[in-house]
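Overview (structure and organization)
Listed below, chain by chain, are the residues.
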Amino acid sequence: MCRAFSADVSASTGVSHVSSGSIRLRLPTDVESLTGRAFVLMSARTDPEPRLQRVGWGSVQPFFGLDVEGLGPGEAVLFDTDAAGFPVAQLSDVPAGRYSVQGLLDVYELYRRSDGHEVWLPSVGWEGRVFTKAPGNRFSEPVEIDFDPSSEQTLELVLDQVVPPVTFPSDSAYVKRFRIESAHLSEFWRRPMYVGATVLLPRGYDEEPERRYPVIYVQDHFNLEAPFHFPEDTSDLASQVNETMMEAEAYHRQLGFVETPQEFAEAWLSDDFPRVLAVTFQHPNPWFDSSHAVNSANAGPFEDAIIDELLPEVERRFRAIGEPWARVLTGGSTGGWTSLALQVRHPELFGGAYVLFPGPVDFRRLFLADIYSDRGVFVVSDEEDRDRDHRFPSQEWGPAERPFRRSVEGQPQMSFREMSRLEYMVGTRCRSGILLHPWLAIFGPVGEDGYPHPLWDEETGEIDREVAFYMREQGYDLSAYIRERWAEIGPELVGKLHFFCGEMDNYFLNAALYLLQDFLEEAEPAYEGSFTYARPKQGHYTIPMRHSQFVRTLSEWMEPATAGAHR
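In this report, the structure presented in the accompanying data block is examined.

Take helix α6 (residues 416–426) next. Within α6, burial applies to Phe 416, Met 419, Ser 420, Leu 422, Glu 423, Met 425 and Val 426. Considering only its buried residues, α6 is in contact with β3 (34–43), β4 (63–71), β6 (85–86), β23 (403–406), β24 (412–415) and α7 (436–443).

In structure tokens form, the structure reads like this:
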């Protein structure tokens, strides 16, 4: 329920331990009217403030969301006890107790695109599409309250704080950053739009001004960090210990590949290390922190922007060799999918791709759903007969919930239905910016209202088959793209495709790889690549080796003596 109130309604003082059963968010009187999505964030912890805790994806803390349109100065939006939320269904389902509560408004902008549609979307603040941290979003100070869903009192929070703009890191001796306005994208969005890159330079780059270098293009989600977590300050690597590096070391110890950023930097700067450039692209958009490097009806011509504008600018500025054998691609998850897409859609431009735990590469296993034959994504229906001989008997009486995420031991952690509901709660009309919504927006067609036409109904999970076929026709199902064009692109891809994934990938992404592998291992000409599955109990983000060893492996692909095998 969303209600507007006049400015003369009395507001809460914000004193701690206020008893409340409903919550009102009010704009200050000195702001213009705003459109966006309002949130109430709740947490049993007071430090850090709820906005800076993990909200939504991977969180156990409840939050509630409402769309607001033209909320004026001094007006408010009321979250009654029936306000919808996640993971609980509504505000009244939150158990009575003491909570830290904070209000937030994800502010939308009006985009007047060149296709004639006008849509309200989040701004592109170069923060990575994190709605709790997006520049320009408004929030309140947190208040500790005794929440009681049966209480008739209403807590009021004033959205008088504003998230500041992103501060870009300064360049260092080895790490350089830039961004450029894209003519392709600015024309589509009818406003200035940018793409960028972070470049890690090899040792001796400044001392050899005539030398040119091969490039490892590392695809990733949006971030401004150096490739391979290279530290910004290399003046005293042994003394650099901070929270991020300690987390990274613990993470790599868990995987069995212990290499801190300091250790990688020591290897990168050593005498016998390959002299290459490592580059990450930044291509954020209103839908997601990554464009997946494709042209999209909803997101615009990002593939053109990257291939025609960004890549040539990187290679001009930083003295790249600029030959296909001297360009290799890698990345994991979304970056893995993007690496494969760039390689197979431009086989003559890149010399190889080492694809790590990629997002679904075959839409017969969009996570676990077959979008071409399954009735829906939420449940495994009796009509899905791909494993009919081994169906559990109870499915004849009731469909099983389709899992979305699992532990490395196979324990279910989230269903497809829950994930879809989470994203809808963060943003309607495919505006969550989390995971599923970006897929629907970037790969899907434009609806009549200018917003993406979704692949499935967010209430029932029923698949719209026309949207599924549209995605395949546009070439976003990479396995189908490869199968249908292998006679044409296969000769250019011989020896260039290598895949690595955990056998217990948390999102079942190995299932799509199996289908691609089935085709490639029978393809003519032979693909001469590799598929490697890590086991036992290896999930998402499992890496094949230490970063320094990985760079050496990729560099060997680009040795002039062996380059002919990858041209």
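The 8 strands lie next to each other as β13-β14-β16-β15-β19-β20-β25-β26, forming an open sheet whose pairing is mixed. Because the sheet does not close on itself, it has two edges, and the strands there are β13 (175–181) and β26 (530–534). Strand-to-strand twist in this sheet, taken as the mean axis angle between neighbours without regard to direction, amounts to 20°.

Right, let's get into helix α10 (residues 509–520). Residue pairs spaced three or four apart in an α-helix point in one direction, given the helix's 3.6 residues per turn. Helix length check: α10, at 12 residues, gives a terminal C-alpha distance of 17 Å against a target of 16 Å (1.5 Å per residue), a fit within 8%. Inspection of α10 places Leu 509, Asn 510, Ala 511, Ala 512, Leu 513, Leu 515, Leu 516, Gln 517 and Leu 520 among the buried residues, and these make up the whole buried set. In this fold, the buried residues of α10 make contact with α5 (334–345), β20 (353–358), β23, α9 (478–493), β25 (497–502) and β26.

The next point concerns the pattern of salt bridges. Inspection of every chain in the model, using the stated rule, returns 28 salt bridges. Glu 409 serves as the salt-bridge partner of Lys 537, at 3.7 Å between the closest nitrogen and oxygen. Remark: Glu 409 occurs in the loop between β23 and β24 and Lys 537 occurs in the loop between β26 and α11 (547–557); sequence separation between them is 128 residues. Judged by its relative accessible area of 47%, Lys 537 falls in the partly exposed class. With a relative accessible area of 58%, Glu 409 lands in the exposed category.

A separate point is the packing of aromatic side chains. Taken as a whole and judged by the stated rule, the model has 37 aromatic pairs. Ring plane angle 50° and centroid distance 6.4 Å describe the contact between Phe 63 and Phe 86, whose orientation is recorded as tilted. You can see Phe 63 sitting in strand β4 and its partner Phe 86 sitting in strand β6, a full 23 residues away along the chain. The class of Phe 63 is buried, set by a relative accessible area of 1%. Its relative accessible area of 5% is what places Phe 86 among the buried residues. With a centroid separation of 6.1 Å and an interplanar angle of 5°, the aromatic rings of Tyr 372 and Phe 469 are classed as stacked. On the criterion of sequence distance, the pair formed by Tyr 372 in the loop between β20 and β21 (379–380) and Phe 469 in helix α8 (residues 465–473) is long-range, its members being 97 residues apart. These aromatic residues form a ring-pair network of at least three members: Trp 337, Phe 363, Phe 367, Phe 404, Phe 416, Trp 439, Phe 443, Trp 456, Tyr 476 and Tyr 507.

About the criteria used
- Residues numbered from 1 in each chain as written.
- Predicted model: local features only at pLDDT ≥ 70, side-chain atom pairs only at ≥ 80, totals over all residues.
- Heavy atoms only, no water.
- Buried < 20%, exposed > 50% of the residue type's maximum accessible area, 1.4 Å probe, protein only.
- Helix = DSSP H or I, 4+ residues; strand = E, 2+ residues; numbered from the N terminus.
- Contact = heavy atoms within 4.5 Å.
- Pairing = 2+ DSSP bridges.
- Axes fitted to C-alpha atoms, helices over the stretch in contact; angles between N-to-C directions.
- Expected span 1.5 Å × (residues − 1).
- Salt bridge = Lys/Arg side-chain N within 4 Å of Asp/Glu carboxyl O.
- Phe/Tyr/Trp six-rings, centres within 6.5 Å; stacked < 30°, edge-to-face > 60°.

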